[in-house]
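Given next are the chains, with one letter for each unit.
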Amino acid sequence: MAPETRSFFYVALVRYFIATVAGLATIWATTLFSQVVLWDRPSFRGLLLTALFTILFFWIVLNFLSVFFGFLRSMFTGLRAPDYFDRLGTDRPPDVSDLPRTAVVIPIYNEDVEEVFAGVYAMHDSMKKSGTTGLFDVFVMSDTTNPDVWIEEERAFLALRRRLGGSIRCHYRRRPKNVSRKAGNIEDFVVRWGARYEFMIVLDADSTMSALTMAEMVRRMASDPEVGILQVPPLPASRRSLFARVQQFASALYSGVFAAGFSLWTADAGNYFGHNAIIRTRAFAKHCKLPLLPGKPPLGGEILSHDFVEAALIQRGGYKVIVADDLPGSYEECPTSLLDFAVRDQRWCQGNLQHVRLAMRPGFGVFSRIHFLMGAMSYVASPLWLLFILAGLAFMGAPPPWKGAVDPGAPAFTEYHAAQSLFLFAVVMALLLLPKLFALAHMLRNPWMKAWFGGVRRASASVILETALSVLTAPVMMVFHTVFVVSTLLGRVVRWDAQNRGERPLPLGEALRAYRLHAGVGIGLTALSLMVSPGAALFLAPVSLSLVFAGFIAKALSSVRLGDSLRRGRLLMTRSELMTPHVLARKAAHLLRLRGEAAAEREVDPLVRAMMDPALNALHCSLLQLWDEETRPPRDAASRRLALMALCGGVARLSRAERVSILSDYRTMRWSHHVAWQERAELTPDVFRLIGGGTSLPVPGQEAAPAAPTSR
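Everything numeric in this text was worked out from a predicted model, so none of it was measured.

Caption draft 1: Main features of the packing of aromatic side chains. As enumerated under the stated definition, the model contains 29 aromatic pairs in all. Ring centres of F33 and F388 lie 6.0 Å apart, and the angle between their planes is 35°; on these two criteria the pair is classed as tilted. Of this pair, F33 sits in helix 1 (residues 3-37) while F388 sits in helix 11 (residues 366-397), placing them 355 residues apart in sequence. Across the pair, F388 and F33 agree in class, each one buried. Both rings, one in F364 and one in F372, keep their centres 5.5 Å apart while their planes meet at 85°; by these two values the pair is edge-to-face. With respect to class, F364 is no different from F372; both count as buried. Each residue in the set F17, F64, F68, F69, F71 and F438 is aromatic and connected to the rest through ring pairs, giving one cluster. Positioned above the aromatic ring of F364 is the side chain of R316, whose terminal nitrogen or guanidinium carbon lies 5.0 Å from the ring centre.

Caption draft 2: Quick peek at the pattern of salt bridges. Tallying each qualifying case throughout the model produces 31 salt bridges. Across the pair K182 and D204 runs a salt bridge, and its minimum N-O distance is 3.8 Å. With K182 in helix 5 (residues 181-193) and D204 in the loop between strand 4 (199-202) and strand 5 (208-209), the pair connects residues that are 22 residues apart, well separated along the chain. E187 is the salt-bridge partner of K289, the closest N and O atoms lying 2.8 Å from each other.

Caption draft 3: How the structure looks around the sheet that holds strand 6 (residues 227-231). Ordered by their spatial adjacency, seven strands build an open sheet running 3-2-1-4-8-6-9, and the pairing between neighbours is mixed. Only two strands of the sheet have a single partner each, and these edge strands are strand 3 (169-174) and strand 9 (320-323). Each adjacent strand pair in this sheet contributes to an overall mean axis angle of 20°, direction not counted. Inspection of the sheet shows strand 1 (residues 102-108) paired to strand 4 by four bridges, in the parallel sense. Paired with T102 across the strands is F199, a residue of strand 4.

Caption draft 4: Fine view of the packing of helix 14 (residues 456-489) against helix 16 (residues 516-532). Packing of helix 14 against helix 16 leaves a shortest axis separation of 10 Å and a crossing angle of 110°. It follows from the interaxial angle that helix 14 and helix 16 lie roughly perpendicular. Contacts from V476, V479, F480 and V483 of helix 14 reach helix 16 at L517, H518 and V521. Its residues assigned to classes, the contact of helix 14 with helix 16 comprises six nonpolar, one polar and no charged.

Caption draft 5: Representation of the sheet that holds strand 7 (residues 235-236) in the model. With mixed pairing, the three strands of this open sheet are ordered in space as 5-10-7. One side of each edge strand has no neighbouring strand; the edge strands of this open sheet are strand 5 and strand 7. Of the strand pairs in this sheet, strand 7 and strand 10 (residues 330-332) are connected by two bridges, and their pairing is parallel. From the neighbouring strand, L235 faces strand 10, where its bridge partner is Y331.

Caption draft 6: Geometry of the packing of helix 3 (residues 113-130) against helix 22 (residues 582-601). The interhelical angle for the contact between helix 3 and helix 22, taken along N-to-C directions, is 135°, at an axis separation of 8 Å. Between helix 3 and helix 22, the interaxial angle falls into the category oblique. As for how helix 3 packs across helix 22, the hand of that crossing is right-handed. Here E114, E115, F117, A118, G119, Y121, A122, M123, D125, S126 and K129 of helix 3 come into contact with helix 22, specifically with H582, V583, R586, K587, H590, L591, R593, L594, R595 and A598. Here the residues of the contact of helix 3 with helix 22 sort into nine nonpolar, four polar and eight charged.

Caption draft 7: Summary view of the environment of M429. Its location among the elements puts M429 in helix 12 (residues 415-445). Considered as a pair, M429 and I60 are 369 residues apart in the sequence and their alpha carbons are 9.9 Å apart.

Caption draft 8: Representation of the confidence of the model for the chain in the model. The predicted model of the chain averages 87 in pLDDT, with 87% of residues at 70 or higher. In the model, residues 80-91 has pLDDT below 50 throughout and makes 26 contacts with residues more than four positions away in sequence or in other chains.

Caption draft 9: Structural detail: a nonpolar patch on the surface. Residues F425, M429, L432, L433 and F539 make up a contiguous nonpolar surface patch of about 450 Å² in total accessible area. Among the elements that line the nonpolar patch, the one with the most residues is helix 12, at four residues. Within the fold, L433 resides in helix 12.

Caption draft 10: Structural detail: the pairing of strand 6. Where burial is concerned, most of strand 6 is hidden: five out of the five residues are buried. The pairing of strand 6 with strand 9 spans four bridges and is classified as parallel. By the bridge assignment for strand 9, Q231 is matched with V323. For strand 6 and strand 8 (residues 277-280), the ladder comprises three bridges, and the chain directions are antiparallel. For I229, the partnering residue across the bridge sits in strand 8 and is I279.

Caption draft 11: Structural view of the side chain of R175. Relative to the assigned elements, R175 resides in the loop between strand 3 and helix 5. Residue classification places R175 among the buried positions, given a relative accessible area of 7%. A distance of 2.9 Å separates a polar side-chain atom of R175 from the backbone oxygen of V179.

Caption draft 12: Up close: helix 4 (residues 147-164). Helix length check: helix 4 (18 residues) gives 26 Å between terminal C-alpha atoms against 26 Å at 1.5 Å per residue, within 8%. The element helix 4 is largely enclosed, with a buried count of 13 among its 18 residues. For helix 4, the N-terminal cap is N146; the gap from its side-chain oxygen to the backbone nitrogen of D148 is 3.0 Å. Taken from the residues just after helix 4, G165 is the one with a positive phi, measuring 60°.

Caption draft 13: Structural detail: unusual backbone geometry. Across the junction of P297 and P298, the peptide omega takes the value 10°, indicating a cis bond. By secondary structure assignment, the location of P298 is in the loop between helix 8 (281-287) and helix 9 (306-316). At S180, a residue that is not glycine, the phi angle is positive and equals roughly 60°. Relative to the helices and strands, S180 resides in the loop between strand 3 and helix 5. The residue A267 is not glycine, and still its phi comes out positive at about 55°. Summarising the element assignment, A267 is placed in the loop between helix 7 (242-266) and strand 8. Of the residues examined, A267 reaches a relative accessible area of 21% and is grouped as partly exposed.

About the cut-offs
Residues numbered from 1 in each chain as written. Predicted model: local features only at pLDDT ≥ 70, side-chain atom pairs only at ≥ 80, totals over all residues. Heavy atoms only, no water. Phe/Tyr/Trp six-rings, centres within 6.5 Å; stacked < 30°, edge-to-face > 60°. Helix = DSSP H or I, 4+ residues; strand = E, 2+ residues; numbered from the N terminus. Buried < 20%, exposed > 50% of the residue type's maximum accessible area, 1.4 Å probe, protein only. Lys NZ or Arg CZ within 6 Å of the ring centre and 35° of its normal. Salt bridge = Lys/Arg side-chain N within 4 Å of Asp/Glu carboxyl O. Pairing = 2+ DSSP bridges. Axes fitted to C-alpha atoms, helices over the stretch in contact; angles between N-to-C directions. Parallel < 35°, antiparallel > 145°, perpendicular 65-115°, else oblique. Contact = heavy atoms within 4.5 Å. Nonpolar A, V, L, I, M, F, W, Y, C, P; charged D, E, K, R; others polar. Left-handed = near helix turned anticlockwise from the far one by under 90°. pLDDT = per-residue confidence, 0-100. Patch = residues over 30% accessible without salt bridge, like charges linked within 9 Å, V, L, I, M, F, W, Y side chains within 5 Å. Areas by Shrake-Rupley, 256 points an atom, 1.4 Å probe, with all protein chains shown as cover. Polar contact = N/O pair within 3.5 Å; in protein donor to acceptor, adjacent residues only side chain to side chain. Expected span 1.5 Å × (residues − 1).

Shown next, in the form of structure tokens:
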């Protein structure tokens, strides 16, 4: 049997086994559950509970089986120590001469400028040390709408070009209109520059990748022309809050077996996570034009969560989508508080609910439809769980149908039924908790992993701590997701703003206000369960108490101090903390340097600096001229009057729209620069001093800006 046939046979067997076992286990568990809730006669409450239990149990057992097969695969096949891709300088640089030049595309939207460019510097250092600088061109693709951030991006790009010179080809552009959000940003790159590159590596604003990992991604794509997308699962890293460190530990320990199982049963019908992936550019351009959904937002109109859809479209075009679970060196940064995590989830929820409509449309493969439905179910499960809890309380509080009547032969709820209830509860808990034990067993089997997580005892204690915190936060996210799903179905459109990626401890007052709905739901559940029985209240105590004290829990989880204290105790440790990978260490060093430089630069208003700094003004005007005439606003005397007001010390009185209007007109920016230098004695001499000006500065036009990427 050929290797390809054998591989296909194994994958088909795993898929058949998962589907069959999940179905049979659900039928078995539903039968036992129906004997508990329908032990007397069918009722609406009992039938509703049975239907909800069937859906939720099937969802749980599917996830369990995926992780179980990932565990078996990891245990029997073994793993190579993944620090290979971070041991730069100790291995011979790879030969990349036969690999096609690849674009590294970084779409950004009102992001922390120093954070973004620190990542670019770090990846450049990684490329330089591994000898792969000639393989990659970096594109920072901005959709920024904040005028101050816009200028900071250009200033940081100018500094990067000056510092690195020609050692790496790095380009920057900003779209004047944020059409179709991130998907439109990537599409614009593909239209303007995609024909020059066979592959593009798409990153997020907070993504960082090892150069050796990126080179290996290019090598795998070049060796198999049928692969359309190769996704490398990113690991969260570099954050300090308690919530972030819990997420980082869970991803570092659990994601290995999960990704191994996911890539096993999906095979070449995997999924795309939207970043930290390499894409075949021409295939993407040909097949991945996103359709418009009929109807109005939020479930109609533009597709919000584009990644799943692009994976489905490129598979429909005949290409493979593969999850490379064996490749390390891929990193991202996670939200640092439960509230920021929920805000991000609200956007994803609305986008994933749109996928249900796509799952019903013709033309997509079976596994693309499965991915669509699984993405939606990850949010729909929460309102189903809440409904299950409420229906269970209603069922327990309902009087028997014979109450008040003399019926000696009436059936009774026996100890057998109670034992069945406890048995099913134990089964569900086992299905939820065993994946954590699988990951812990996988760690114990690999000697190098024990050191990564602080040793066996500390790793075990960290698993217990992470599980306890997960139990506390799960009801909170259940209420969040329920609100998100219901509000989306009621027609509320979510604003897709920039993510908060910074370390911000949540003030207690803000936390209590943000979680007042959760507290109300918790109090309501407590009251309802007490009305039913003290036993019901005790059983639901973990859920109701987590909701009542959600504000205090969120406050504690956002604490950097608690996160740092646990790190000093070597709890919730990850490899990226114990043995910092080269690319992350370089990013931290560059971020520290850029923060210091930016603090000095911010003594001058960004708009005024863009008008007066010769190099920055020249770069800004040259980038504006890349766009067609119709994309620029009308030119009139009003914008010049506003520019003159800014130069004469009135910049603080300008509104955001007025600042954007000035910055968007290259003629006004060029005119204001000449006026500033011709009349600098009458304007603000301190500004010239702060930007290094004076009589020694060149006349405008003498200092050329760095070359901007052409758009044609």
